[in-house]
Structure formats: structure tokens, C-alpha cells
Amino acid sequence: MSSGLQRRRVAGGSVTPTNTEFSESDSNNITRSGYNEDGKRIAYDPEDINNTKAEQKQPKLTLMEEILLLGIKDKQGYLSFWNDNISYALRGAILMELAFRGKIAMVNDINRRRFPLSERYVEVIDDKITGEALLDETIKIMKMSEPLSVATWIDYLSGETWNLTKISYQLKQVRERLAKGLVDKGILRTEKRNFFLFDMATHPVADTATKDEIKRRVITFLTARTIVLPNTPLFPDDVPLRYLRSVAVVAGAYAANVLENVLTNLSYDARDQAFGRADELISDYSEWPFIARTGGGLGGAGANLTTEISDELAKNADKELQLEIIPAVLSVYAKLDSIL
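On a predicted model such as this, the values are computed, not experimentally measured, just so you know.

Analysis parameters
- Numbering of residues begins from 1 in every chain and follows the order in which that chain's sequence is written.
- For a predicted model such as this one, the threshold for reporting local features is a pLDDT of at least 70, and the threshold for listing and counting side-chain atom pairs is 80 or more; totals across whole chains, interfaces and linings nevertheless cover every residue.
- Hydrogens and waters are ignored; side-chain quantities use all the structure's heavy atoms.
- By the criteria applied, helices consist of DSSP H or I runs no shorter than four residues and strands consist of E runs no shorter than two, each listed in order from the N terminus.
- Remark: exposure states derive from per-residue accessible area (1.4 Å probe, protein chains only) relative to the maximum for the residue type, with buried under 20%, exposed over 50%, and partly exposed in between.
- Here, residues are in contact when the closest pair of their heavy atoms is within 4.5 Å.
- What sets the accessible areas is the Shrake-Rupley method with a 1.4 Å probe; for residues, cover comes only from the shown protein chains.
- Each reported salt bridge corresponds to a side-chain nitrogen of Lys or Arg within 4 Å of a carboxyl oxygen of Asp or Glu.
- A helix is expected to span 1.5 Å for every residue after the first.

1. Digging into the overall build of the chain
Okay, so step 1: For the chain, the helix and strand inventory stands at 15 helices and eight strands.
Okay, so step 2: Taken across its 340 residues, the chain has 51% of its residues classed as buried.
Okay, so step 3: Within the chain, contacts between residues at least 6 apart in sequence are counted, and of these 66% link residues at least 24 apart.
Okay, so step 4: A total accessible area of about 16600 Å² is found for the chain, and carbon and sulfur atoms account for 48% of it.

Written out as C-alpha cells, the structure is:
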């Protein structure tokens, strides 16, 4: 039975009911929240969220949150001030996350194959909200626009455009909003830190086990001969396309210039080889169909990866238009240094 509740903004961490019959039991049902472009918290009625089986099988953290978490300094709680790539890479991760969740896909036009992956048009195929504020805002923006290419969307969402009519498409304060979302999930905490002339909110890592698990997964993908993804609460084994999603995290971390933070405990030679393997993964998975590499990649790493991803694709053969977006974003990542 519908409670009549609607999405509303929340000030000071409380929810102001608009229904005079609002009760304590209704309050307990509001379990998902995020932040809008002004940094204000938004609460969602769970009945408004697409609670299909596919939606319920999502990992605890989005691609963007994992990439950001890898870049944040554990104790200081902020990203490197010299990182120019992460904002652009995060916008690409948003598109990949929407594709993995079945929200967007390439426009079903046979002529699209004449164009490079990054120049193929994207459309929204499911506009039901996810409960993740950045994803839902992106869906809203894309829904009101004409179809645009993957590369164009990353530019517009990043604000990298001279087209004044599209400047409103820019997603603002993405890093801060992701950090606040991680605070809500108990992964980060908020502190005030003085930087000479001003105070700034920082977000040190509160749950080091979660970050360590992500780091282990990334290192496994870059160094292990046989890649095994254990079943964990953070990344359960019923999450669809686990291996391809992990490739997206590695590629996103590499493009965002945060991979160095993951590999600090490796020897110089092992670290150099891991960077080479990350570059190789972006190259292999920025084409469609994916390049089938036998015997593993650099140094024999990931000998089983091609087989695992082939099995995943076979189980999701009806999602080709969605999954084409993954290599399209990776092809943009491959050119990132020349873009920025």
C-alpha cells in the first residue's frame, strides 16, 4: 500500500514529513539517501526505487566510490592536489555504472558500427531511480537531452565544453558528494582540517578493511596468474559481471591516477609490471568485441580472465548494447592524457 511519501530534501539530517498521516513506521522505511548538486541530503522512499532482483544484486559500493576511495589518503582524508585526471575519470565511471545497472545503452542502430565506440550514441532505457544521487541526477540529465555520444557525455558531465547551452549538464561537486556518500555508508568519517588560511572538511578512512579489500582485488587483477574473486559482503558472488566490473575499477583507477596508491607495497619491478598490465587491460577491453588474449597478459597475469569474462558475456548476451558502453569509456580513458 502506498504511503503517499515522495522524495524530499532533508535539512540537518532529519526528514520533514509532508503527509499528515506520517508515522514512525513510515520513518523507518526511509533507508536510502544521497546528496544533490547543492550538497543537500535527499531521502528516498524505498517504494520509489526499482527493487527488481537485478537492482538488489548491486555491490555495496559503486565504481565511482571505489575509485575515489583508492585515491583518498587514509589518515589525511583528501586526494592529491595535483590530480587533474580524477574528475574526468569519475564521469566515465558514472556511465559504466549506469550501463552495468541496465539504465543506459547504445542506441540500437546497425549503422553505429561505422563509428568508433566513443562516438556512438547513448540513450536511457530505464529511468527508475537507483537511490544513488549522482546516478539518478545523470539519468535525469540524459533523459531530457537528445542522444549524444559516450565521449560527448563525459565531456558535458565534466564541464569540458564551450557549448553554453550544455553547461548545465555538468555534474558539480562529484568528489565531495561521493565522499559524503561513503561517510553515510560508514567507510569514511568527516573531520575539519586547517590548511594555512582556511579550514576544509576532510574524509579520513574509517573502515580500512573495506579499502584493503578493494586494493587486494586490484592487485590480484594486475599480478596474479589466476584471478579468483572471493565472495564477500562488499562484493558478493551474485553480483552480475563481477570480472568485467573489476576490470572497470582497475581501468578507472589507472585513468584517475590513483593506482600508485594501491601498489606502494610492491617492489619497483613488480610495480612497473603492474602498471604495464593496467595499460594492457585498457587496451584489451577498449575494443568490442574484446580482444581474446590466451595465456594471460604481461608476465602471465590473469591467465583465466579471458575465459571468465567470456562466460559472463555469454550469460548476458541480451545486454550487448549496454555492455558496449564499457569499452567505449575505456577507449576514452586510453586517450585521457591527450584530452586533458
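Having seen the model, we can carry on.
2. Side note on unusual backbone geometry
Okay, so step 1: Here Trp288 and Pro289 are connected by a cis peptide whose omega angle stands at 0°.
Okay, so step 2: Residue placement: Pro289 occurs in the loop between helix H11 (268–284) and helix H12 (305–315).
Okay, so step 3: Although it is not a glycine, Gln173 sits at a positive phi angle of roughly 55°.
Okay, so step 4: Counting through the fold element by element, Gln173 comes out in the loop between helix H6 (150–158) and helix H7 (174–184).
Okay, so step 5: The phi dihedral of Asn257 falls on the positive side, at around 60°, and the residue is not glycine.
Okay, so step 6: For Asn257, the location among the structural elements is in the loop between helix H9 (242–255) and helix H10 (259–262).

3. Quick look at the pattern of salt bridges
Okay, so step 1: Going through the model one piece at a time under the given rule, you end up with 16 salt bridges.
Okay, so step 2: Beyond isolated ion pairs, a larger network of salt bridges with shared partners links Glu65, Glu132 and Lys185.

4. Remarks on H11
Okay, so step 1: The end-to-end C-alpha separation of H11 is 24 Å, in line with the 24 Å expected for 17 residues at 1.5 Å each.
Okay, so step 2: Next to the buried residues of H11 lie helix H8 (208–223), H9, H10, H12 and helix H14 (325–334).

5. Things to note about the environment of Lys192
Okay, so step 1: Assignment of secondary structure puts Lys192 in strand S7 (residues 191–195).
Okay, so step 2: A C-alpha to C-alpha distance of 9.9 Å links Lys192 and Gly77, two positions 115 residues apart in sequence.
Okay, so step 3: If near-sequence neighbours (up to four positions away) are discounted, Lys192 is found in contact with Met200 and Ala201.

By themselves, these figures tell us nothing about what the structure is for.
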